[in-house]
Amino acid sequence: MAFLCRSAASLLKSSRAAPAVVRAARGYSAGGPYEYILVEKRGEKSDVGFIQLNRPKALNALCDGLMRELGEALDAFEADGEVGAIVLTGSEKAFAAGADIKEMQNRTFQECYGGNFLAHWNRVSTVKKPVIAAVNGFALGGGCELAMMCDIIYAGEKAQFGQPEILLGTIPGAGGTQRLTRAVGKSLAMEMVLTGDRINAQNAKQSAFELTLAEGNRLEKRLFHATFATDDRKEGMTAFVEKRKASFQDN
């Protein structure tokens, strides 16, 4: 995964030479339209799969329904022999402002651990075709993790990356502690994860370097699940939903 500090605007325009082939139907097949994403093929030869996260009122918060639809769209593009690469984007204001905290708020440790919570989010990183994230605005928490699952990130001037889970009494749970270290280095990654501070695209590019990952993702997932056994995790998410300051008790 590489950070490229360059405007993502060019990736968001349909080719003038050939109109986009809009695919509002689920995965190019029979079924109702997607609820949380927009899907089409772009490029002169309609060989670029284009997926836009579409929950504007929630700043593209990654609810379970959105992530499952995203997996379906990726499956369809991977099976499409005409598609050579896939672009994933959000809006000018937010690529994705994080996971849907309202969905997580009342989960228990048993539910998270037993159901391997968030395991299906990893689909983006297993796609065999190149996946490019075109990021504008907020890419926070799960949004930052989703961008880092992509092979290349094109970041606009107003893009902001961050892992603010600590402010909710939990930790990143979809690869953030592992991929962020490999993307921006240990020191900056530690600062971002331990403080919840954000960085812009230029900071990310200046700090970027690459390594490999494997076991770390599994360890991170279990530690993330474990935070759902703490009172502070419940208080942090409840305070977020109720729009008040969290009162952590260190338990």
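Residues numbered from 1 in each chain as written. Predicted model: local features only at pLDDT ≥ 70, side-chain atom pairs only at ≥ 80, totals over all residues. Heavy atoms only, no water.

Heads up, the rule is: UniProt positions are given in the numbering used here, feature names are shortened, and annotations may be inferred rather than shown by experiment.
With an unreviewed UniProt entry as reference, the protein chain is termed Enoyl-CoA hydratase, mitochondrial, source organism Gasterosteus aculeatus aculeatus. Word for word, the UniProt comment on the protein chain under Sequence similarities (unreviewed entry) is "Belongs to the enoyl-CoA hydratase/isomerase family." A UniProt comment under Pathway (unreviewed entry) is attached to the protein chain, and it reads "Lipid metabolism; fatty acid beta-oxidation."

**A look at the packing of aromatic side chains**
Defined as follows: Any two rings among Phe, Tyr and Trp, with Trp reduced to its six-membered ring, count as a pair given centres within 6.5 Å; such a pair is stacked if its planes are under 30 degrees apart, edge-to-face if over 60, and tilted if neither. Numbering of helices and strands starts at the N terminus; helices are DSSP runs of H or I of at least 4 residues and strands are runs of E of at least 2. Any residue under 20% of the maximum accessible area for its type is buried, any over 50% is exposed, and the rest in between are partly exposed; the area is computed with a 1.4 Å probe on protein chains only. A ring is scored as having a charge over it whenever the NZ atom of a lysine or the CZ atom of an arginine sits within 6 Å of its centre and within 35 degrees of its normal.
Under the criterion given, the structure shown has four aromatic pairs. Ring geometry for Phe 109 against Tyr 113: centres 5.6 Å apart, planes inclined by 35°, an arrangement best described as tilted. You can see Phe 109 and its partner Tyr 113 sitting in helix H3 (residues 109–114), four residues apart, about one turn around the helix. Consider the rings of Phe 224 and Phe 228, whose centres lie 5.2 Å apart with planes at 80°: the pair is edge-to-face. The burial state of Phe 224 is the same as that of Phe 228; both residues are buried. Of the aromatic side chains, those joined through ring pairs into one cluster are Phe 117, Phe 224 and Phe 228. Above the face of the Phe 50 ring, Arg 42 is positioned so that its terminal group lies 3.7 Å from the ring centre.

**Concerning the packing of helix H6 (residues 176–184) against helix H7 (residues 186–195)**
The relative placement of two packed helices is expressed as an angle between their axes plus a distance between the axes. The test is simple: All axes here are fitted lines through C-alpha atoms, helices being fitted over the stretch that makes contact, and every angle between N-to-C directions spans 0 to 180 degrees. Orientation categories follow fixed angle ranges, with anything under 35 degrees roughly parallel, anything over 145 roughly antiparallel, 65 to 115 roughly perpendicular, and all other angles oblique. The handedness criterion is simple: a crossing whose near helix is rotated anticlockwise from the far helix by less than a right angle is left-handed, and one whose near helix is rotated clockwise is right-handed. Throughout, a residue-residue contact means that at least one pair of heavy atoms, one from each residue, lies within 4.5 Å.
Here H6 crosses H7 at 135°, and the two axes come no closer than 7 Å. Classed by the angle they form, the pair H6 and H7 counts as oblique. For the pair H6 and H7, the crossing hand works out as right-handed. Contact with H6, carried on its side by Leu 180, Thr 181 and Val 184, involves Lys 186, Leu 188, Ala 189, Met 192 and Val 193 of H7 and no other residues of that element.

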